[in-house]
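Fold and geometry: a report
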Amino acid sequence: MNPKLKEKILESLSAVLPITGIVLLLSIFLVPLGTGAIVMFFVGAVLLIVGMGMFQLGAEMAMSPLGEGIGVQISKSKRLIFIALISLLMGVLITMAEPDLQVLSDQVPAVPNATLIFTVALGVGIFLAFAVLRIILKINLAYLLMGLYLVLIILSFFVPKDFLAVAFDSGGVTTGPITVPFIMAMGVGLSSVRADKDAANDSFGLVALSSIGPILSVLLLGCFFHPQDAAYSETAVPDVATMQDVMVSFAAQLPHYAREVLISIVPIAAMFFVFQLVSRRYQHRQKLRIAVGFGYTYTGLVLFLCGVNVGFAPVGSLIGHDLADTSQKWLLVPIGMLIGYYIVKAEPAIQILNRQVQSVTNGMVSAKAMNHCLSIGVSVSVGLSMLRVLTGISIAFIVIPGYALALAMSKFVPKIFVGIAFDSGGVASGPMTSTFLLPLCIGACEMLGGNIMTDAFGVVALVALTPLIAVQIMGLQYQFKLAKRQKNMAPEYLLPEDSDVIIELEG
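Here's a quick rundown of the structure.

Rules used in this analysis
Residues numbered from 1 in each chain as written. Predicted model: local features only at pLDDT ≥ 70, side-chain atom pairs only at ≥ 80, totals over all residues. Heavy atoms only, no water. Phe/Tyr/Trp six-rings, centres within 6.5 Å; stacked < 30°, edge-to-face > 60°. Helix = DSSP H or I, 4+ residues; strand = E, 2+ residues; numbered from the N terminus. Lys NZ or Arg CZ within 6 Å of the ring centre and 35° of its normal. Buried < 20%, exposed > 50% of the residue type's maximum accessible area, 1.4 Å probe, protein only. Contact = heavy atoms within 4.5 Å. Patch = residues over 30% accessible without salt bridge, like charges linked within 9 Å, V, L, I, M, F, W, Y side chains within 5 Å. Areas by Shrake-Rupley, 256 points an atom, 1.4 Å probe, with all protein chains shown as cover. Salt bridge = Lys/Arg side-chain N within 4 Å of Asp/Glu carboxyl O.

1. Focus: the packing of aromatic side chains
Following the criterion strictly, the structure yields 11 aromatic pairs and no others. Here Phe41 and Phe312 contribute two aromatic rings whose centre-to-centre distance is 4.4 Å and whose plane-to-plane angle is 25°, an arrangement assigned as stacked. In this pair, Phe41 sits in helix H2 (residues 35-75) while Phe312 sits in helix H12 (residues 284-324), placing the two residues 271 residues apart along the sequence. Three or more aromatic residues joined by ring pairs make a cluster, and in this case those are Phe41, Phe42, Phe312 and Phe436. Positioned over the ring face of Phe82 is Arg79, at 5.3 Å from the centre of the ring.

2. Considerations on the environment of Tyr257
Of note, Tyr257 is situated in helix H11 (residues 243-279). On the accessibility criterion, Tyr257 (9% relative accessible area) is buried. Put simply, Tyr257 and Phe304 are 47 residues apart on the chain and 9.4 Å apart in space, counted from C-alpha to C-alpha. Setting aside anything within four residues of it in sequence, one finds Tyr257 in contact with Val302, Leu305, Cys306, Asn309 and Val310.

3. Re unusual backbone geometry
Look at Lys138: it is not a glycine, yet its phi comes out positive at around 60°. Topologically, Lys138 is positioned in the loop between helix H5 (113-137) and helix H6 (141-156). For Lys138, a relative accessible area of 52% translates into the label exposed. The phi angle at Arg280 is positive, at roughly 55°, despite the residue not being glycine. By secondary structure assignment, the location of Arg280 is in the loop between H11 and H12. The exposure class assigned to Arg280 is exposed, which follows from its relative accessible area of 59%.

4. Details of a nonpolar patch on the surface
On the surface, Leu24, Leu25, Ile28, Phe29, Leu30 and Phe42 cluster together into a nonpolar patch covering about 570 Å² of accessible area. With four residues, the top contributor of residues to the nonpolar patch is helix H1 (residues 3-29). Residue placement: Phe42 occurs in helix H2.

What follows is the structure, encoded as structure tokens:
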């Protein structure tokens, strides 16, 4: 086996084992599950682990170099209109390729799938172009985010309440395993051409701004479509008696995901072909490496989505339903928080973000620290989501104060942490959220007789919200430690007060 692939699979194994153990313990002590359901879950976990390992290696070999190369190339152009159009086109293509968006579109039958997908993709494309121009023109990210989220909050008062959760969820599902590696690498490529002190800070923020686009576009769409008749098609655990039945259940779904991922990958591969034809940027060895990377990305995503959708999602819905069917319904909150803490570690794009952050900050923010911080944030998110399922609290009462707090904090933390925080929110809400946490909430909501559109939907939005606050708290902590260490340094080693330089402290 490729040593690098083996390393990625072992990383995936360590990330997925905790959530697998939690489900096993729940099935033993709280919500007894049938043997067939448990076997399906474990086979799904194996596919998830192998798939995530292959995907991460593929993204490292193909998506990241392609995104960075395009970022470097377009930044050399002096024509802003050309840069904006290329960015818009790339944003639309990679968003329409995002598997998570397909999952969301299937849950809102009141809006035609193609309409919702194109609306979201156009929103991402416009705001990706906007984000690229921000880096080139050196516009302050914090001020932009404040203005744009203020617009979102005001607009949220004028759309049907049944559409509000779906709109905010759309911002999370668009930043998934295909979109994130490409967009983040593109930001690094754009900023690498610059030599000023803010270049590293500005490499983050593309995902953050790209997440606002779909929310805004879907809120506007809500003025024309009303999804009160929307229903969630619950995925039942297949009735299996033997291991052969289990294998047949997964094998039957593989062609569907193979076709879905192929449709997702082909436009990006075509983009690489055209880009290479025009720029001649990559040598033969690099082209071969990127081609192999596309192969790993494709195979990994097929296995990942098959494992998650066939093995994980049905068990998630079943656990949520059975937990809500007990006399101790309040256990949904702590159990949801525990699952949320560990499930974010299994998100493919999270690992890519964490390594990107560690690389750009020269180890100042370690991948381990980011992992821990995001786990805490998502844990709180899922706890709040379960509380909403139990009480029916409107998502607006959490989202509006939450974003207000996150935006207020952005005035006091180092600039680079603002970009990292708002990027991490979109990245945290990946396929594991939409295919395990969402069914978990929906299963509980159905059992309690709640309104799925207002009470269960919104978990993706909350998972995208709390990391914004958690990462910025980490930024405040870093700022405090840096100030304390600088105080003990000799005067000639001190940084100017207005410096945004990120340094590696020794000792």
